[in-house]
Amino acid sequence: MKPATTFSPARLADLVGAENVLTGAAELTAWEVDGLRPSAVVRPGTAAEITGILAMAAAERLAVIPMGGRSKLGVGMPPRNYDVALDLTRMNRLLAFDPADLTLGVEPGVRFAQLEQELAAQRQFLPLAPAFAERATMGGIIAASADSPLRHAYGSARDQLLGVEFVTGAGVAAKSGGRVVKNVTGYDIHQLLAGSLGTLAVITRLNFRTHPMPLRERMFVAAFVGSEGALECCRAIGKSQLQPRIVEVFNPATARVLQAPRVLRDRWSVAVAAAGHAAVIARHERELSRMARERGADDFAVFDGAEQDALFTALREFPRLALEAFPGAAIFRVPILPGAMPELLHKAQAVSERHHIETAILVRASGIVYIALLTPGGDGDARSAAHLLPACRDLMQAGPDAGVRPMIEWCPTSLKREMSIWPPPGSDQALAEKLKRLFDPQGILSPGRFLGGL
Amino acid sequence: MNATLLRELEQLLGPKGILARPEDLMLYENDGSVEEGRPDCIVFPRSKQDVVEIVKLAVRHNTPLVGRGAGTGLSGGALARRGGIVVTFSRMNRILQVDAENLRAVVEPGVVNLDLTRAVEGFGLYFAPDPSSQRACTIGGNVSENSGGPHTLAYGVTANHVTGLELVLPDAQVVRVGGAAIEAPGYALARLVVGSEGTFALVTEITVRLMRAPEDVRTLLAIYDRVEDATNTVVELTARGITSAACEMLDGLMLRSVEDYVHAGFPVDAAAVLLIELEGLREAVDAQASELQEVCALCKAREVRRARDTRERDLLWKGRKNAFGAIGRLSPSYYVLDGVIPRTKLTATLQHIEDVSKRYGFPIGNVFHAGDGNLHPLILFDRRDPEQLRRVIEAGGEIIQFCVQAGGTLTGEHGVGMEKSELMPLMFSDADLDLMRGVRSVFNPTGLLNPDKILPLGKGCGELRVQPLAGGPASAPHPSA
């Protein structure tokens, strides 16, 4: 359990007002991280307040975990200590939106869904499509490197990020990058913060590029009996001139998790979205159906309107849907070159059979494979966790070669007590440790959650 | 430089691996910028191991080290500001691996940008970053500067096309950051190193992403009688979300000098042209082309020409990419800026540039990446006159300040280097700059690698080469008045 702390929450109240500090034990359960409960929740309204909070925390060695919609608190190792939940949801303002320049600036607590609506009014969007879209905040999406089906056409979340303002673990307010779409002025510290899981600094403003909404969109799903045909089809799409918006491949178990209408639940599916002018979509439909047929697809379906929205949402929400159906599941995120995917899927299948655990697989053709080990039972289910451990250890070694470094993005806390969710650190670990000490000299920010114990 | 170090370097690399005669060193004291820095010797490693040994020797003799590719940089990034050893990567120019299936290549830093595209075009692939110097510049230099190019508009800068790096740190440790896959767990150090302008590490191996060549490319030239009609076209295209692969602007001065030099077919009587490229599926290009025509007509383009074949297309691009060289024929020297502005501010910024040109009495040509608001004013002057050099930097500073105050930045793709380091306080606070110094120290604690770059040498704003304007750009004082 967490060591008792000596700090007085009254001092937090001095910084942000008593109404923005919560201390009652019962109230705090919703801010638990891996079963650890903070002593206080503080909800700052400004970057200046965050500077004060972190300066105080650094002086008193209080462990602080920054968070937004709390949708990704399960990502990372259990924190070594946890005193203060730094809840950023009050900082939810759209600070700047210049539709004609396709750029915007937001506070970290802006919910993705809220921003999506504001942008849609100008026929623009942010190509992120993160899981937990209703709750997820912009700060959390960047800090946790949230992945998205739209990465296929638009690049990752960090590719949309133009600059940030932040407060370091030493309580120093600083910034990096800018607000324009092209910029090489100074070191790209914002790119270092993206994906650092709140271990280096607290982000107080984010600037993004936006994109024009496509005229129209349509999805296509080809169904295959086995993974080979599905991956072959995916490969053919990659080699063609087509420019789809998303390309995802998933197995029957994932089809059952997604619960999307008209998706065959006993088939491997290749889901493709095309967007733009009618002639562009028609070309995609023509060529995709041919490619699918030639690789042995036994069904090719066109998705429009509400069905298309449902399928897209389900693909976006895959980790949430898997965890809702199987709260004890472990979900691996494996960055991998397309050419190595067949071998990885083969190994996942072998692990699944050896340990008698059903496996839901979702392949993002751009280079990420999600493998969810679907164990029933909740977090507290010891038998389920004991069952999961050897399979996870097995799968952690499943990289076809040393270059593949899987991580477990989601799993029960009990599993994290037995094994690391992170791959072993690489030759750059010493640099990472020095950066951590530079940004957070007292080690107060999300201590222990990141790769290599940072 | 001490004779022992020179001897040890020669023992390591052989007599052909080192240059130290004054007449040879002169060739390395410039790049494409107006800056200078005289090295004490030039070395040519052939392998990572050579680089490691060079670094060890430099450390032992406490001598500065600067990495260099082809020397085409535009901000003094590869100049030896404090003397020392320039490590030139021209002999580490092997393409180590091409993985067409996975759209990756592994290259040494000295590979010339266009040579990589030539090596993979048989697979229908190419390397997307396309700086104007791509026939000469190296991928190692692109990594250092996070280089862009006209097609950055659609495909992003170098950082978007690098997945992994092998580094030799200034303590001679070899470290790998990133990998071949699309992402790697841990801090995104590869992303941080790209664009660090050679101040973090010497890069010895680069894993890049390759792209599939589009099936259709259409190159259009929109011709205008007024500059503001051209800039308004860019504003309107952006606002309507018509995304071209490239959208370049050349003003009248540039058109005339380029045409005189390259004979690309540019109209010499126009006030400005937009060189716009559409790429992708035939159907998408067709649809975009008609939208584009509509916007150009709305914004009073005199004419929109279409390149009829590859030859015409190549000629137009040759004109664009040789624009700096063409200006070199008109003027003894030019000072090129690289400020970025929000695209909605294009018209006002070009007006400001014209105003600066008049007040300082320097002709200024504009050739730039209009689609992403990345300006390249070329200020023509004579560097043999020290007073002109001083005033040209002042004029440039005024334009850059205007860009920053408009919500933009100092540099979009050329880098800060030694040229803009003293302008950094226009954008960054002391706290921002201190943190950047800290990050550099994590990689380069002794500061021996590429010293005195990016970060201002003085502390605080007092050291600014250009005094900040009192009010907004509208209230800019007229120094010539």
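Rules used throughout
Residues numbered from 1 in each chain as written. Chains lettered and ligands numbered in written order. Predicted model: local features only at pLDDT ≥ 70, side-chain atom pairs only at ≥ 80, totals over all residues. Helix = DSSP H or I, 4+ residues; strand = E, 2+ residues; numbered from the N terminus. Rg over C-alpha atoms; globule rule 2.2 N^0.38 Å. Buried ≥ 20, exposed ≤ 12 C-beta atoms within 10 Å, placed from the backbone. Contact = placed C-beta atoms within 7 Å. Pairing = 2+ DSSP bridges. Axes fitted to C-alpha atoms, helices over the stretch in contact; angles between N-to-C directions. Domains from an automatic or database assignment. Core = buried A, V, L, I, M, F, W, Y, C linked by C-beta atoms within 7 Å. Nonpolar A, V, L, I, M, F, W, Y, C, P; charged D, E, K, R; others polar. Parallel < 35°, antiparallel > 145°, perpendicular 65-115°, else oblique. Arc of directions from axis to C-beta. Left-handed = near helix turned anticlockwise from the far one by under 90°. pLDDT = per-residue confidence, 0-100. Expected span 1.5 Å × (residues − 1).

## Focus: the overall build of chain A
In terms of helices and strands, chain A carries 16 helices and 19 strands. The C-alpha radius of gyration of chain A comes to 22 Å, within 12% of the 22 Å expected for a compact globule of 454 residues. Once the C-alpha set of chain A is aligned to its principal axes, its extents read approximately 65 × 55 × 40 Å. Taken across its 454 residues, chain A has 58% of its residues classed as buried. In chain A, the proportion of contacts linking residues at least 24 apart, taken out of those at least 6 apart, comes to 70%.

## Things to note about the overall build of chain B
The helix and strand tally for chain B stands at 15 helices and 18 strands. The C-alpha atoms of chain B give 22 Å as radius of gyration, which agrees with the globular expectation for 481 residues (23 Å, within 12%). A principal-axis box enclosing the C-alpha atoms of chain B has dimensions of 65 × 60 × 45 Å. A burial count over chain B gives 59% of its 481 residues as buried. When contacts within chain B are restricted to residue pairs at least 6 apart in sequence, long-range pairs at least 24 apart make up 71% of them.

## Let's talk about the interface of chain A and chain B
Taken residue by residue, the interface counts 61 residues in chain A and 65 residues in chain B. Only α6 (157-160), β9 (173-177), α7 (189-193), α10 (278-294) and α16 (429-439) of chain A provide two or more residues apiece to the side of chain A that touches chain B. Ranked by the residues each element gives to the side of chain A that touches chain B, the list is headed by α16 of chain A, at five residues.

## Structural notes on the sheet that holds strand β6 (residues 103-106) of chain A
Residues and elements named next belong to chain A. With antiparallel pairing, five strands are arranged side by side in an open sheet as β5-β6-β10-β8-β9. Where the open sheet ends on each side, the last strands, each with one partner, are β5 (94-98) and β9. For this sheet, the mean angle separating the axes of adjacent strands, direction not counted, is 15°. Where strand β8 (residues 161-168) lies against strand β10 (residues 201-209), seven bridges are found, and the strand directions are antiparallel.

## Quick word on the pairing of strand β10 (residues 202-209) of chain B
Residue and element names in this part refer to chain B. Counting buried positions along β10 gives eight out of eight residues, so the element sits mostly inside the fold. In this structure, strand β6 (residues 104-107) lies alongside β10, joined through four bridges in antiparallel fashion. Each residue of the ladder has a partner; that of Ala 105, found in β10, is Val 208. In terms of strand pairing, strand β8 (residues 162-168) meets β10 through six bridges, oriented antiparallel. Bridge pairing in β10 places Glu 166 opposite Glu 205.

## Quick word on the domain arrangement of chain B
For interface size, the figure often reported is the accessible area lost on association. As far as domains go, chain B holds domain 1 (3-88), domain 2 (101-212), domain 3 (216-326) and domain 4 (331-475). Look at where the C-alpha atoms of domain 1 of chain B and domain 3 of chain B centre, and you get two points 41 Å apart.

## Points about unusual backbone geometry
The backbone of Ser 446 of chain A sits at a positive phi, close to 45°, despite the residue not being glycine. Considering the arrangement of structural elements, one finds Ser 446 of chain A in the segment after α16. On the basis of neighbour count, Ser 446 of chain A is assigned to the buried category, with 30 C-beta atoms found within 10 Å. Non-glycine residue Ala 172 of chain B carries a positive phi angle of around 75°. Ala 172 of chain B gets classed as partly exposed once you count the C-beta atoms within 10 Å, which come to 17.

## What to know about the nonpolar core
By size, the foremost hydrophobic cluster in this structure holds 319 residues, and its most contacted members are Val 272, Ala 322 and Ala 330 of chain A together with Val 273 of chain B. Once residues lying within four places of it in the same chain are set aside, the contact partners of Ala 322 of chain A are Val 257, Ala 329, Ile 331, Ala 360, Ala 372 and Leu 374 of chain A.

## With respect to the environment of Leu 102 of chain A
Along the polypeptide, Leu 102 of chain A turns up in the loop between β5 and β6. On the neighbour-count criterion, Leu 102 of chain A (23 C-beta atoms within 10 Å) is buried. Sequence separation of Leu 102 of chain A and Gly 339 of chain A is 237 residues, and the distance between their C-alpha atoms is 35 Å. Aside from chain neighbours lying at most four places away, what touches Leu 102 of chain A is Gln 124, Arg 209, Thr 210 and His 211 of chain A together with Thr 238 of chain B.

## A closer look at the domain arrangement of chain A
Residues and elements named next belong to chain A. Assigned domains of chain A: these are domain 1 (1-213 + 424-454), domain 2 (217-316) and domain 3 (318-416). For domain 1 versus domain 2, the distance between C-alpha centres works out to 35 Å. Each side of the interface is counted separately: domain 1 has eight residues, and domain 2 has eight residues. Tallied by class, residues from the side of domain 1 that touches domain 2 come to six nonpolar, two polar and no charged.

## Quick word on the pairing of β9 of chain A
The side chains of a regular strand alternate between both faces of the sheet. Counted residue by residue, β9 of chain A has four buried out of five residues, so it is predominantly covered. In this antiparallel pair of consecutive strands, β8 of chain A and β9 of chain A, the connection spans four residues, and Gly 171 of chain A shows a positive phi of 80°.

## Focus: the packing of α10 of chain A against helix α10 (residues 282-298) of chain B
Their axes nearest at 8 Å, the elements α10 of chain A and α10 of chain B cross at an angle of 180°. Between α10 of chain A and α10 of chain B, the interaxial angle falls into the category roughly antiparallel. Side by side, α10 of chain A and α10 of chain B meet where Ala 279, Val 280 and Arg 283 of chain A of the first sit next to Glu 283, Ala 284 and Ala 287 of chain B of the second. When the residues that make up the contact of α10 of chain A with α10 of chain B are grouped by side-chain class, the tally is four nonpolar, no polar and two charged.

## Concerning helix α12 (residues 323-330) of chain B
Residue and element names in this part refer to chain B. The complete set of buried residues in α12 reads Ala 323, Ala 326 and Ile 327. Buried residues along α12 cover an arc of 100° about the axis, so they all sit on one side. Looking at the buried side of α12, the elements it contacts are β13 (246-251), α9 (252-262), α11 (310-321), β16 (333-336), β17 (364-369) and β18 (377-381).

## What about the packing of helix α1 (residues 9-16) of chain A against helix α2 (residues 47-60) of chain A?
Residues and elements named next belong to chain A. Packing of α1 against α2 leaves a shortest axis separation of 9 Å and a crossing angle of 155°. In terms of orientation, α1 lies roughly antiparallel with respect to α2. Considering only the axes of α1 and α2, their crossing is right-handed. Facing Arg 11, Leu 12, Leu 15 and Val 16 of α1, the residues of α2 in contact are Glu 49, Gly 52, Ile 53 and Met 56. Residue composition of the contact of α1 with α2, grouped by class: five nonpolar, one polar and two charged.

## Some details on the sheet that holds strand β13 (residues 246-250) of chain A
All names here are of chain A. Taking strand neighbours across the sheet as the criterion, the eight strands line up as β15-β12-β14-β13-β17-β18-β16-β19 in an open arrangement whose pairing is antiparallel. Both edges of this open sheet fall to β15 (299-303) and β19 (407-410), since each of them pairs with a single strand only. Sheet twist, expressed as the average angle between the axes of neighbouring strands with direction ignored, equals 20°. Note that β13 and strand β14 (residues 268-275) share five bridges and pair antiparallel. Following the sheet pairing, Ile 246 is matched in β14 by Ala 273. Strand contacts of helix α8 (residues 227-239): β12 (217-224), β13 and β14, with the helix running at about 20° to β14, the strand carrying the most contacts.

## A look at the confidence of the model for chain B
Residue and element names in this part refer to chain B. Of all residues in chain B, 95% attain a pLDDT of 70 or more, and the chain-wide mean is 92. Every residue in residues 460-481 is under pLDDT 50, and counting partners more than four places away or in other chains gives 32 contacts. Model confidence for the complex: the whole-complex pTM is 0.95, and ipTM, which rates the interface, is 0.96.

## Here we look at helix α8 (residues 227-240) of chain B
All names here are of chain B. Taking 1.5 Å of rise per residue, 14 residues should cover 20 Å, and α8 covers 20 Å from first to last C-alpha, within 8% of that figure. Taken together, the buried positions of α8 are occupied by Val 227, Asp 229, Ala 230, Thr 231, Thr 233, Val 234, Val 235, Leu 237 and Thr 238. Looking at the buried positions of α8, the neighbouring elements they touch are β12 (216-224), β13, β14 (272-280), α10 and α13 (346-360). The first or second residue beyond α8 is Gly 241, which carries a positive phi of 70°.

## So, the environment of Val 52 of chain B
All names here are of chain B. Within the secondary structure, Val 52 sits in helix α3 (residues 48-60). Along the primary structure Val 52 and Leu 169 are separated by 117 residues, whereas in three dimensions their C-alpha atoms are 8.6 Å apart. The contact partners of Val 52, leaving out residues within four places of it in the chain, are Val 168, Ala 172 and Val 174.

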